[in-house]
Amino acid sequence: MNDREPVIVGALRTPVGKRGGQLQMWHPVDLLGETLHQLVERAGVDPADLDDVIVGCVLQWGQQHGNLGRHAVLAAGLPESVPAVTIDRQCGSGQQAVSFAVDAIKAGTYQLVIGAGVESMSQAPMPPSFIPGSPLGPQYSPRELARYQGNPLLPQGVSSELMNQRFGLTREALDAFAVRSHRRAFEATQAGRLRDQLVRLTEDPADPHSPAVTADQGIREHPDAAKMATLKPAFAPDGASTAANSSQISDGAAALLIASRAYAERHGLKPRARFVSTAVAAADPVIQFTAVLDATRKALREAGLDIADIDLFEVNEAFAGVPLMFMQEFGIPDERINVNGGSVAIGHPLGSTGARMLTDLLCELERRGGRYGLQTICEASGTANTTIIERL
């Protein structure tokens, strides 16, 4: 046994709320703090043993600035001795937080660490680039823009249309995938498959008697394909990406408790999965989405696995075209990818989605008795993360 092998010993996520919806009253620090509190409590570990809490968050201004992770540790009631750091790898921030935790345990620096993510898109002011038709934001420097003057950088929504064109993804295919995402997410919710992975919350954090938040708010029980087909393209007059086949703007948090094998054994913790490989890749920042293919190939090479060895896939539905591109490129059957729906139906609280997806993937592998799960997520400006886990 490798004493430094990182294993998952706990995983929780909040139900996801629509922007301005069921989680709008929660300060993002308290939303993550409650997630951390319940994660540690359910795992039964001594919180003083935590070496670090690594938190992904994208919109780091307003209520989410100033190292949100450290504030969440204090709000959770964890010992003051527990450090924390907040990172940004755009939509993959929660997944990258977990990867950094994994790397630190492999190096022998940490024994017990939390990788987490949070985003309250109800509380954080939206950047202009999130609004269709808006120009790029001020984070793009004159030199970067000059480098791509002949093939200009674009907001992600506009780039989604480049992906649709390159991979031959039609409006009909995107809408059908969106309907499928809602149907699968609704079915999983009705069957109670997600119940054990959810943080217990009420709508008003100051009132424990307010309505309980028990399910993802954005899921539609009866997605209307005909109505979906009438929506205008969101990012190009003749485009295929619409509000209905793109991810929802949302609030949520998620966290995974990761330990070394040696720590888990000493403290009687049951390892639920091990990390087989993690990878990050970067590709064309104009089209922005193809790096998931490169990151996946890197992760498979590191793991010594073939795509056929993977039982379940989670590919973030930033736009419906991303998982469709992934399926087309690798020849993945529909029944093995995003089996309980994805961000089109559940929602996409940017910093937390990677940790939410990994929690979902772990729990579904356990439910099915599967062995390997692969998760990948595209990120703004053309980067991507891929993680492969093995259920234990």
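Fair warning: this is a prediction, and the values are worked out from it, not measured in the lab. (Residues numbered from 1 in each chain as written. Predicted model: local features only at pLDDT ≥ 70, side-chain atom pairs only at ≥ 80, totals over all residues. Heavy atoms only, no water.)

Caption draft 1: Main features of the overall build of the protein chain. Along the protein chain, the regular secondary structure elements total twelve helices and twelve strands. Taking 2.2 N^0.38 as the reference for a compact globule, 392 residues should give roughly 21 Å; the C-alpha atoms of the protein chain span a radius of gyration of 20 Å, in line with that estimate. Overall size of the protein chain, expressed as C-alpha extent along the three principal axes, is 60 × 50 × 50 Å. Counting across all 392 residues of the protein chain, residues that qualify as buried make up 59%. Taking as baseline every contact in the protein chain between residues at least 6 positions apart, the subset at least 24 positions apart corresponds to 79%. (Helix = DSSP H or I, 4+ residues; strand = E, 2+ residues; numbered from the N terminus. Rg over C-alpha atoms; globule rule 2.2 N^0.38 Å. Buried < 20%, exposed > 50% of the residue type's maximum accessible area, 1.4 Å probe, protein only. Contact = heavy atoms within 4.5 Å.)

Caption draft 2: The arrangement of the packing of aromatic side chains in detail. On inspection of all chains with the given rule, the structure shows four aromatic pairs. Here the aromatic rings of phenylalanine 235 and phenylalanine 319 are separated by 5.9 Å at their centres, their planes lie at 80°, and the arrangement is edge-to-face. Of the two residues, phenylalanine 235 sits in the loop between α7 (225–229) and β8 (250–260) while phenylalanine 319 sits in the loop between β10 (312–315) and α10 (321–330), which places them 84 residues apart along the sequence. A relative accessible area of 9% means that phenylalanine 319 is categorised as buried. One aromatic cluster is present, formed by Phe235, Phe289 and Phe319 through successive ring pairs. (Phe/Tyr/Trp six-rings, centres within 6.5 Å; stacked < 30°, edge-to-face > 60°.)

Caption draft 3: Highlighting the pairing of strand β9 (residues 273–282). Most of β9 sits inside the fold, with seven of its ten residues counted as buried. Of the pairings in the sheet, the one linking strand β1 (residues 6–13) to β9 comprises two bridges and is antiparallel in character. For isoleucine 8, the partnering residue across the bridge sits in β9 and is alanine 273. Of the pairings in the sheet, the one linking β9 to strand β12 (residues 383–391) comprises nine bridges and is antiparallel in character. Paired with threonine 278 across the two strands is threonine 387, which belongs to β12. (Pairing = 2+ DSSP bridges.)

Caption draft 4: Just the pairing of strand β11 (residues 372–379), in detail. A large share of β11 lies buried, amounting to eight of its eight residues. Where burial is concerned, the two faces of β11 agree: the one with Tyr372, Leu374, Thr376 and Cys378 and the one with Gly373, Gln375, Ile377 and Glu379 are both buried. Looking at chain direction, β10 and β11 are connected through four bridges and run parallel. When the bridges of β11 are listed, valine 315 appears paired with threonine 376. Sheet topology note: the β11/β12 ladder contains eight bridges and is antiparallel. Counted as the bridge partner of leucine 374 is isoleucine 388 from β12.

Caption draft 5: How the structure looks around the environment of isoleucine 377. Summarising the element assignment, isoleucine 377 is placed in strand β11. In this structure, the C-alpha to C-alpha distance between isoleucine 377 and alanine 295, residues 82 residues apart in sequence, is 9.2 Å. Filtering out sequence-adjacent residues up to four positions away, isoleucine 377 remains in contact with Cys91, Gly92, Gln95, Val292, Asn316, Thr353, Gly354, Met357, Thr383, Ala384 and Asn385.

Caption draft 6: Representation of the state of the cysteines within the structure. Using the criterion set out here, one finds zero disulfides in the structure. There is no disulfide at cysteine 57, and the cysteine sulfur nearest it, in cysteine 91, is 12 Å away. Take cysteine 57: its relative accessible area is 0%, and that puts it in the buried class. In this model cysteine 378 remains outside any disulfide bridge; the closest cysteine sulfur is found in cysteine 91, 6.1 Å from its own. (Disulfide = S-S within 2.5 Å.)

Caption draft 7: Structural context of helix α12 (residues 353–368). Taking 1.5 Å of rise per residue, the 16 residues of α12 would be expected to cover 22 Å, and the 22 Å separating its terminal C-alpha atoms lies within 8% of that figure. Two residues or fewer after α12 comes glycine 369, characterised by a positive phi angle close to 75°. (Expected span 1.5 Å × (residues − 1).)

Caption draft 8: Local environment of unusual backbone geometry. Notably, glutamine 90 is not glycine yet its phi reads approximately 50°, a positive angle. One can find glutamine 90 in the loop between β4 (84–87) and α3 (93–106). The backbone phi angle of glutamine 288 is positive, close to 75°, even though this residue is not glycine. Along the chain, glutamine 288 falls in the loop between β9 and α9 (291–303).

Caption draft 9: Just the packing of α9 against α10, in detail. It is at 10 Å that the axes of α9 and α10 come closest, and there the two elements cross at 50°. Judged on the interaxial angle alone, α10 and α9 are oblique. In the crossing of α9 with α10, the sense of the turn from one axis to the other is right-handed. The segment α9 lies against α10, with Val292, Leu293, Thr296 and Arg297 engaging Met325, Phe326, Glu329 and Phe330. Class assignment for the residues of the contact of α9 with α10 results in five nonpolar, one polar and two charged. (Axes fitted to C-alpha atoms, helices over the stretch in contact; angles between N-to-C directions. Parallel < 35°, antiparallel > 145°, perpendicular 65-115°, else oblique. Left-handed = near helix turned anticlockwise from the far one by under 90°. Nonpolar A, V, L, I, M, F, W, Y, C, P; charged D, E, K, R; others polar.)

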